[in-house]
Amino acid sequence: MKINILTLFPEMFSGFKSESIIGKALEKNLLEINIVNIREFCYDKHKQADDMPFGGGAGMVMKPEPLFRALETVKGKVIYTTPQGVRFNQKLAIELAQEEEITIIAGHYEGIDERVVESKVDLEVSIGDFVLTGGELPAMMMADCIARLVPGVIKKESYENDSFFNGLLDYPHYTRPAEYEGMKVPEVLLSGHHKNIETWRLKESLKRTYLRRRDLLVGRELSKEEKKLLAEIKRELGK
Ligand SMILES: CN(C)c1ccccc1CNc1ccc(C(N)=O)cn1
């Protein structure tokens, strides 16, 4: 899979590409992340990437020419990160991870000229209802979320236990020491009894989802076991 990111600030992506899981995945050529510097496509003397808005008003708008030129050099579905977009989520990440190549435009200033959106952008995506100085962090977040779904980037087991993978929030995690500052790890996790551990984890996931994100339970089919555990949870909570 290849992810192109068009940006005026390529240096923002150097750590993202060199460190940790993404860094290793790129080393192993499991995927490709191609950072395209929009500035290189500004052919005028002052390399102007933005200009004043027609109709007046504060702020600047990213010029269409450099973006059209930069888009000529990449392929795949074109995504534009903007507060006006559809909400990014794991489901969309999974869909995008099926693509051979995608291109993400990281906007700046007040955004990009609408003619680029109308004629080149396939999907406007928002990572949440808040405003950032630029689209680079949203682009990085989306690339991270999509990259970890590419086979080989993370171990299959941990992907299968992802929050949202089974439609529930994740269960609590513990590691050594077994007791710290007087706080003990739940006994069942030390028992080596895999079935009991699996049941405890499922119940904790259900409890957390029920308490923190009951909306996630609305659209979700519950297995017989999950229904039983949820009934236990409600009794225990006295709700
Ligand atoms: C400057 N702004 C407001 C802007 C306006 C239009 C496009 C891009 C930007 C860059 N900023 C962004 C981008 C995305 C998100 C998001 N929620 O996904 C938040 N902020």
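Everything below is about the structure shown above.
Residues numbered from 1 in each chain as written. Predicted model: local features only at pLDDT ≥ 70, side-chain atom pairs only at ≥ 80, totals over all residues. Heavy atoms only, no water.

## What to know about the pattern of salt bridges
- Scanning the model with the defined rule gives 14 salt bridges in all.
- Across the pair Glu72 and Lys120 runs a salt bridge whose closest N-O atoms are separated by 3.8 Å. Of this pair, Glu72 sits in helix α3 (residues 64-72) while Lys120 sits in helix α5 (residues 114-120); the two residues are 48 residues apart in sequence, bridging distant segments of the chain.
- When the shortest N-O distance is used, the salt bridge between Arg220 and Glu226 registers 3.0 Å.
- Since its relative accessible area comes to 8%, Glu226 is described here as buried. (Salt bridge = Lys/Arg side-chain N within 4 Å of Asp/Glu carboxyl O. Helix = DSSP H or I, 4+ residues; strand = E, 2+ residues; numbered from the N terminus. Buried < 20%, exposed > 50% of the residue type's maximum accessible area, 1.4 Å probe, protein only.)

## Quick word on the site of the ligand
- Neighbouring residues of the ligand: 17 residues in total, closest Tyr80, Tyr109, Ile127, Gly128 and Leu132.
- Contact between the ligand and Ile127: an oxygen atom at 2.8 Å from a main-chain N or O atom of the residue.
- A distance of 3.1 Å separates a nitrogen atom of the ligand from a polar backbone atom of Phe130.
- The element contributing the most residues to the shell around the ligand is strand β5 (residues 77-87), with four residues.
- Of the residues belonging to the shell around the ligand, the class tally is eight nonpolar, eight polar and one charged. (Near = heavy atom within 4 Å. Polar contact = N/O pair within 3.5 Å; in protein donor to acceptor, adjacent residues only side chain to side chain. Nonpolar A, V, L, I, M, F, W, Y, C, P; charged D, E, K, R; others polar.)

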